[in-house]
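Here is how the chains run, residue by residue.
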Amino acid sequence: MPTYLYKNTDTGEIYELRQSMRDDAYTAHPETGVPIKRVLARPSIAFKGSGFYANDSRPREKSGGGGSESKPAPKTESKSGASSKGGGEG
């Protein structure tokens, strides 16, 4: 079960209370009955620097590897107008 932070509305004291995610937030402390309110807390992790994304963790391939990034070479024609693909003449 997750732990949530609650603040005493009178004194400002902070409590850590465990409860199910499906339960409604407490409005009173379960043991003492004093009025409390759930407070948001910062996450305890921080992503700093590079290396946290797929494109940061490994270098990109520069030449075609058969993936969707590789493009076929454009057709070129010779001066006589014939295609540069071998025709088998001769």
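- Going by an unreviewed UniProt entry, the protein chain carries the name FmdB family transcriptional regulator and comes from Deinococcus radiopugnans.

**A short note on the pairing of strand 2 (residues 14–18)**
In the case of a regular strand, side chains alternate between the two sheet surfaces.
Now for step 1: Burial of strand 2 is one-sided: the residues Tyr15 and Leu17 facing one way are buried, the residues Ile14, Glu16 and Arg18 facing the other way are not.
Now for step 2: Where strand 1 (residues 3–8) lies against strand 2, 5 bridges are found, and the strand directions are antiparallel. Following the sheet pairing, leucine 5 is matched in strand 2 by glutamate 16.

**Overview of the sheet that holds strand 3 (residues 36–39)**
Now for step 1: One open sheet holds the 3 strands; their spatial order is 2-1-3, and the pairing between them is antiparallel. Each edge of the open sheet carries a strand with a single partner, namely strand 2 and strand 3. Taking the axes of each pair of neighbouring strands and ignoring which way they run, one obtains an average angle of 40° across the sheet.

What counts, and where the lines are drawn
- Residues numbered from 1 in each chain as written.
- Predicted model: local features only at pLDDT ≥ 70, side-chain atom pairs only at ≥ 80, totals over all residues.
- Heavy atoms only, no water.
- Buried < 20%, exposed > 50% of the residue type's maximum accessible area, 1.4 Å probe, protein only.
- Helix = DSSP H or I, 4+ residues; strand = E, 2+ residues; numbered from the N terminus.
- Pairing = 2+ DSSP bridges.
- Axes fitted to C-alpha atoms, helices over the stretch in contact; angles between N-to-C directions.

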